[in-house]
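These are the residues of each chain, in order.
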Amino acid sequence: MFPVLFFASFVTRLYYVMFSTFWILYLTSYVGTILKDDEEVSSVYANLMLVSVAFAISLSPIIGMFTDRVSPKVTLPVSFLLRAFAIFLFYFINDPTSFYAYAVGSLLVLGTTAEQICSDSILMRNAEREIRGVIYGTGVAMGYLGQLILCIIGGWLFDHVSVKGPFIFIGVLDLIFAIVVIILGAKGIIKNDITERKQ
């Protein structure tokens, strides 16, 4: 179970780079067309983050409740498929100031929040108390490794393929992880730990 959750941390924490770096770079690609200058880029980014984060905060307790009550075989793929779907919708943004862009941004932040709540809570729930710090630390380390790799691969994709390339890369990883979890769940490798603890 732990290797799966470590990979989940690797994928989930890509959001640090996605939102702090590539989203801003993506917005700057509209300067001179839809956006006037870097000052407007900053304004649009701030407004988008404000709306998206507020939306995610309002639903975080519900996601936590969902994670506590439903099997990891369900919560993990659902959360990663949610962000993959949001990134699919992101591909069709033509105007970063539109309502559609704000809706997709909110869904993207929500998907990321769901991923982090689900993966981190399941990771800690399955770790013995004596090694809980080591397990969580390893998960965080995997997250940093993912961010480093995204900086390299995402930067190349942004420069040579598309300004949306880094986002698509993350969406593909989300989709791959969700499929792997579904397969492992079907084979009984990922178990319903909620049900097992109650028996």
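As shown above, the structure is provided for reference.
A brief structural summary. (Residues numbered from 1 in each chain as written. Predicted model: local features only at pLDDT ≥ 70, side-chain atom pairs only at ≥ 80, totals over all residues. Heavy atoms only, no water.)

**Side note on the overall build of the chain**
- Each helix and strand in the chain was counted, giving eight helices and zero strands.
- What you see in the chain, going N to C, is helices and strands ordered as α-α-α-α-α-α-α-α.
- Here the C-alpha radius of gyration of the chain, 18 Å, is about what a compact globule of 199 residues would show, namely 16 Å.
- Taken along its principal axes, the extent of the C-alpha atoms in the chain is 60 × 30 × 30 Å.
- In the chain, which comprises 199 residues, the proportion classed as buried is 46%.
- Within the chain, counting contacts between residues at least 6 apart in sequence, those at least 24 apart form 80% of the total.
- Of the roughly 9900 Å² of accessible surface on the chain, a fraction of 69% belongs to carbon and sulfur atoms. (Helix = DSSP H or I, 4+ residues; strand = E, 2+ residues; numbered from the N terminus. Rg over C-alpha atoms; globule rule 2.2 N^0.38 Å. Buried < 20%, exposed > 50% of the residue type's maximum accessible area, 1.4 Å probe, protein only. Contact = heavy atoms within 4.5 Å. Areas by Shrake-Rupley, 256 points an atom, 1.4 Å probe, with all protein chains shown as cover.)

**Digging into the environment of Phe2**
- With respect to the secondary-structure elements, Phe2 resides in helix α1 (residues 2-12).
- Not counting residues within four places of it along the chain, the set of residues in contact with Phe2 comprises Leu123, Asn126, Ala127 and Ile135.

**Observations concerning the side chain of Thr113**
- On the secondary structure map, Thr113 appears in helix α5 (residues 99-125).
- Thr113 has contacts with Ala56 and Ser60, leaving out every residue within four places of it along the chain.

**Here's the deal with helix α7 (residues 165-186)**
- Between the first and last C-alpha of α7 there are 32 Å, a value that for 22 residues agrees with the 32 Å anticipated at 1.5 Å per step.
- Those residues of α7 not exposed but buried are Gly165, Pro166, Phe167, Ile170, Gly171, Leu173, Asp174, Phe177, Ala178, Val181, Leu184 and Gly185.
- Among the structural elements, α1, α2 (15-28), α4 (72-90), α5 and α6 (132-160) are those in contact with the buried residues of α7.
- Gly188 sits one or two positions beyond α7 and adopts a positive phi of about 85°. (Expected span 1.5 Å × (residues − 1).)

**Digging into the packing of α5 against α6**
- Their axes nearest at 9 Å, the elements α5 and α6 cross at an angle of 150°. Between α5 and α6, the interaxial angle falls into the category roughly antiparallel. Crossing handedness for the pair α5 and α6: right-handed. Here Asp120, Leu123 and Met124 of α5 lie close against α6, whose contacting residues are Arg132, Ile135 and Tyr136.
- In terms of residue class, the contact of α5 with α6 is built from four nonpolar, no polar and two charged. (Axes fitted to C-alpha atoms, helices over the stretch in contact; angles between N-to-C directions. Parallel < 35°, antiparallel > 145°, perpendicular 65-115°, else oblique. Left-handed = near helix turned anticlockwise from the far one by under 90°. Nonpolar A, V, L, I, M, F, W, Y, C, P; charged D, E, K, R; others polar.)

**Focus: the side chain of Asp174**
- If you trace the backbone, Asp174 turns up in helix α7.
- Beyond its immediate stretch of four places on either side in the chain, Asp174 contacts Val11, Phe80, Arg83, Ala84, Ile87 and Glu115.

**Considerations on the pattern of salt bridges**
- Under the defined criterion, the tally for this structure stands at three salt bridges.
- Two residues, Glu115 and Arg83, come together in a salt bridge whose shortest N-O distance is 3.1 Å. Of this pair, Glu115 sits in helix α5 while Arg83 sits in helix α4; the two residues are 32 residues apart in sequence, bridging distant segments of the chain. In terms of burial, Glu115 and Arg83 fall into one category: buried.
- Its salt-bridge partner being Arg83, residue Asp174 comes within 2.7 Å of it at the nearest N-O pair. A residue pair is termed long-range when its members are at least 10 positions apart, and Asp174 in helix α7 and Arg83 in helix α4 qualify at 91 residues.
- Taking the relative accessible area as the measure of exposure, Asp174 reaches 0% and is therefore buried.
- Taken together, the shared-partner salt bridges in this structure form one network comprising Arg83, Glu115 and Asp174. (Salt bridge = Lys/Arg side-chain N within 4 Å of Asp/Glu carboxyl O.)

**Looking at the packing of aromatic side chains**
- A full pass over the atoms with the stated rule returns 15 aromatic pairs.
- Ring geometry for Phe7 against Phe10: centres 5.6 Å apart, planes inclined by 10°, an arrangement best described as stacked. Of this pair, Phe7 and Phe10 both sit in helix α1, three residues apart, roughly one helical turn.
- Since its relative accessible area comes to 11%, Phe10 is described here as buried.
- With 6.1 Å between their ring centres and 70° between their planes, Tyr26 and Phe167 make a pair best called edge-to-face. Of this pair, Tyr26 sits in helix α2 while Phe167 sits in helix α7, and the two are 141 residues apart along the sequence.
- A residue is classified by how much of its surface remains accessible, and Tyr26, at 2% relative accessible area, is buried.
- We classify Phe167 as buried; its relative accessible area is 0%.
- Above the face of the Tyr91 ring, Lys164 is positioned so that its terminal group lies 5.3 Å from the ring centre. (Phe/Tyr/Trp six-rings, centres within 6.5 Å; stacked < 30°, edge-to-face > 60°. Lys NZ or Arg CZ within 6 Å of the ring centre and 35° of its normal.)

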